[in-house]
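Observations on the three-dimensional arrangement
In case you want the letters, here they are:
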Amino acid sequence: MSTTKAIDASPDAGDPRRAGPGPARAHRPPGRTWRQALRRDWQLYSLAILPLLFFVVFRYLPMLGNVIAFRKFRPGGGVLGEEWVGLRYVRMFLGDPSFWHVFTNTVVLGALTLLFCFPMPIVLALLLNELRGRRVKRFVQSVSYLPHFLSMVVVAGLVMELLSVDGPVNQVLRALGDDPIAFLQEAGWFRTIYVSSEMWQTVGWGTIIYLAALTTVDDQLYEAARIDGASRWRQIWHVALPGIRPTAVTLLILNIGTFMAVGFEKVLLLYNPLTYPTADVISTYLYRMGIISNSFSYAAAIGLFEALIGLGLVLSANLISRRTVGTSLW
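So, a few notes on the structure that sits alongside this text. The residue numbering used here restarts from 1 in each chain and proceeds along that chain's sequence as written. Since the coordinates come from a predicted model, pLDDT governs what is reported: local features require at least 70, and pairs of side-chain atoms require 80 or more to be given and counted, while whole-chain, interface and lining totals use all residues. As a convention, hydrogens and water are excluded, and side-chain values are obtained from all of the structure's heavy atoms.

1. Focus: the overall build of the protein
- Numbering of helices and strands starts at the N terminus; helices are DSSP runs of H or I of at least 4 residues and strands are runs of E of at least 2. The helix and strand tally for the protein stands at 17 helices and 2 strands.
- A compact globule built from 330 residues should have a C-alpha radius of gyration of about 20 Å, whereas the protein, at 31 Å, is more than 25% larger.
- Dimensions of the protein, computed from C-alpha atoms along their principal axes, come out at roughly 120 × 70 × 40 Å.
- Partly exposed residues are those whose accessible area sits between 20% and 50% of the maximum for their type, while under 20% is buried and over 50% is exposed, using a 1.4 Å probe and protein chains only. Relative to its full complement of 330 residues, the protein shows a buried share of 31%. Radius of gyration means the value over C-alpha atoms here, while the globule rule gives 2.2 Å times the residue count to the 0.38 power.

Here's what the structure looks like:
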């Protein structure tokens, strides 16, 4: 009886928070709200204002203009078109043989660019990483980086001067007893010229990212491979390449996303009506249809179709990479 009274008289007997066999929960301090975080670190958040404004003004607001792909747009009329026409322009370019011709050219040129221009920075970075002489390494890096800083107009001018009928390349051919070749007037040479100039201009700049990724590879892995008797090539294959694989996969996904956006400026500067059969791509076709012919709605429909293909390629590449390699953008 006395025991029962003692239990009833305990201070925690009537407290429902103390009931039950489980332990008492520790009091967790409430987290900071976004207002408190903004008030505390407003200087850091203010740095994001200009980038956000840039993306809103130049990336997201122009997306509203895609509506003219489904509306009839006339220069001088309404900004978003005057008359709703539905899928009229979509059916027009899907039934246009010239569109499918430039679509094929875009796919072929994009595939060649990806095939040759994507792995070359990896190869150059691996070779530079194996160099022990600092002077030679810095010289090669400087020479390979410089073309990236040249204007596209300068690069196109250099290509046209080198490959002209009286240019250095044809002078070498004449010295060897061959006839000069009009490289820039023959459609069969355009893809070779474009891919070669793209490699020359981008391979050095692309090595920067891979060289930075190679510096993160643990030196103990190289030492362990040497102890196991691995040669230099084996060390590259089993240590260096797996170390930069996440970086390479990420850049591959980004390059696949721009697969259809083959360099508009270089193609526009190098091509001519004689090379249209292999040089005319979607971006230059859009330029002629939209800017020169004033068919803005038709060009917007084609551009929207190209953007949807690019989005599908990015999503597919990201999904395949996540399931096969385990690395993805998201």
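2. Let's talk about the side chain of Asp96
- Summarising the element assignment, Asp96 is placed in the loop between helix H5 (88-94) and helix H6 (97-117).
- Charged residues are defined narrowly, with Lys and Arg counted positive, Asp and Glu counted negative, and His plus the chain ends left uncounted. Salt bridges are defined by distance alone: a side-chain nitrogen of Lys or Arg within 4 Å of a carboxyl oxygen of Asp or Glu. Of the side chains with opposite charge, Arg288 comes closest to the buried, unpaired Asp96, at an N-O distance of 9.0 Å.
- Side-chain atoms alone can form a polar contact between residues adjacent in sequence; in general such a contact is a pair of N or O atoms within 3.5 Å, and within protein one must be able to donate a hydrogen while the other accepts it. Within the structure, the side chain of Asp96 is placed 2.8 Å from the side chain of Ser98, a separation counted as a polar contact.
- Within the local environment of Asp96, its side chain forms a polar contact with the side chain of Tyr298, the two groups lying 3.1 Å apart.
- Aside from chain neighbours lying at most four places away, what touches Asp96 is Tyr285 and Tyr298. Contacts: residue pairs with any heavy atoms within 4.5 Å of one another.

3. Examining the environment of Ser328
- Within the element layout of this structure, Ser328 appears in the segment after helix H17 (296-324).
- According to the relative accessible area criterion, Ser328 is partly exposed, its value standing at 24%.
- Measuring from C-alpha to C-alpha, the distance between Ser328 and Pro273 comes to 42 Å, with 55 residues separating the pair along the chain.
- With residues up to four places along the chain from it excluded, the contact list for Ser328 reads Ile253, Asn318, Ser321 and Arg322.

4. Examining the nonpolar core
- By size, the foremost hydrophobic cluster in this structure holds 21 residues, and its most contacted members are Ile122, Leu126, Tyr210, Leu211, Leu214 and Ile244.
- Listing elements by their share of this core, those giving two or more residues are helix H7 (119-130), helix H11 (187-214), helix H12 (219-227) and helix H13 (232-257).
- Excluding its chain neighbours within four sequence positions, the residues that come into contact with Ile244 are Ile122, Leu126, Tyr210, Ala213 and Leu214.
- Grouped together as the second largest cluster of nonpolar side chains are 19 residues, Phe93, Phe99, Met260 and Met289 included. Side-chain atoms within 4.5 Å are what join buried Ala, Val, Leu, Ile, Met, Phe, Trp, Tyr and Cys residues into a set we call a nonpolar core.

5. Some details on the packing of aromatic side chains
- Between rings of Phe, Tyr and Trp, where Trp is taken as its six-membered ring, a pair exists when centres lie within 6.5 Å; planes separated by under 30 degrees are stacked, by over 60 edge-to-face, and by other angles tilted. Using the criterion set out here, one finds 16 aromatic pairs in the structure.
- Judged by centre distance (5.6 Å) and plane angle (80°), the ring pair of Phe54 and Phe55 falls under edge-to-face.
- Relative accessible area serves as the criterion here: at 42%, Phe55 is assigned to the partly exposed category.
- Centre to centre, the rings of Phe103 and Phe305 are 6.3 Å apart; their planes meet at 45°, and the pair counts as tilted. Here Phe305 lies in helix H17 and Phe103 lies in helix H6, a separation of 202 residues in the sequence.
- In textbook terms, an aromatic cluster arises when at least three aromatic residues are bridged by ring pairs, as seen for Phe93, Phe99, Trp100, Phe103 and Phe305.
- Placement of a positive charge over a ring is assigned whenever Lys NZ or Arg CZ falls within 6 Å of the ring centre and within 35 degrees of the normal to the ring plane. Seen from the ring of Tyr194, Lys266 lies directly overhead, with NZ or CZ sitting 5.5 Å from the centre.
- Stacked on the ring of Tyr276, the Lys or Arg Arg288 has its end atom at 4.8 Å from the ring centre.

6. Digging into the packing of H6 against H11
- Where H6 contacts H11, the two axes come as close as 10 Å, and the packing angle between them is 40°. With respect to each other, H6 and H11 are oriented oblique. The chirality of how H6 crosses H11 is right-handed. Touching Asn105, Val108, Leu109, Leu112, Thr113, Phe116 and Cys117 of H6 are Phe190, Arg191, Tyr194, Val195, Glu198 and Met199, all from H11.
- Note on residue classes: Ala, Val, Leu, Ile, Met, Phe, Trp, Tyr, Cys and Pro are nonpolar, Asp, Glu, Lys and Arg are charged, and everything else, Gly too, is polar. Among the residues forming the contact of H6 with H11, the class breakdown is 9 nonpolar, 2 polar and 2 charged. Only C-alpha atoms enter the line fits that serve as axes; for helices the fit covers just the stretch in contact. Angles between N-to-C directions range over 0 to 180 degrees. In what follows, roughly perpendicular refers to angles from 65 to 115 degrees, roughly parallel to angles under 35, roughly antiparallel to angles over 145, and oblique to any angle outside these ranges. Note on convention: near helix rotated counterclockwise from far helix by under a right angle means a left-handed crossing. Clockwise means right-handed.

7. Brief notes about a nonpolar patch on the surface
- Only residues above 30% relative accessible area that lack a salt bridge enter a patch, with like-charged residues linked at up to 9 Å and the nonpolar side chains Val, Leu, Ile, Met, Phe, Trp and Tyr linked at up to 5 Å. Per-residue and other accessible areas follow the Shrake-Rupley method at a 1.4 Å probe size, with only the shown protein chains counted as cover for residues. A contiguous nonpolar surface patch, about 1,100 Å² in accessible area, is contributed by Phe54, Phe55, Val56, Val57, Phe58, Tyr60, Leu61, Met63, Leu64, Val79 and Leu80.
- Along the chain, Val79 turns up in the loop between strand E1 (71-72) and strand E2 (83-84).
- With relative accessibility at 71%, the residue Val79 sits in the exposed group.

8. Topic: unusual backbone geometry
- Non-glycine residue Asn294 carries a positive phi angle of around 60°.
- You can see Asn294 is positioned in the loop between helix H16 (282-292) and H17.
- Its relative accessible area of 43% is what places Asn294 among the partly exposed residues.

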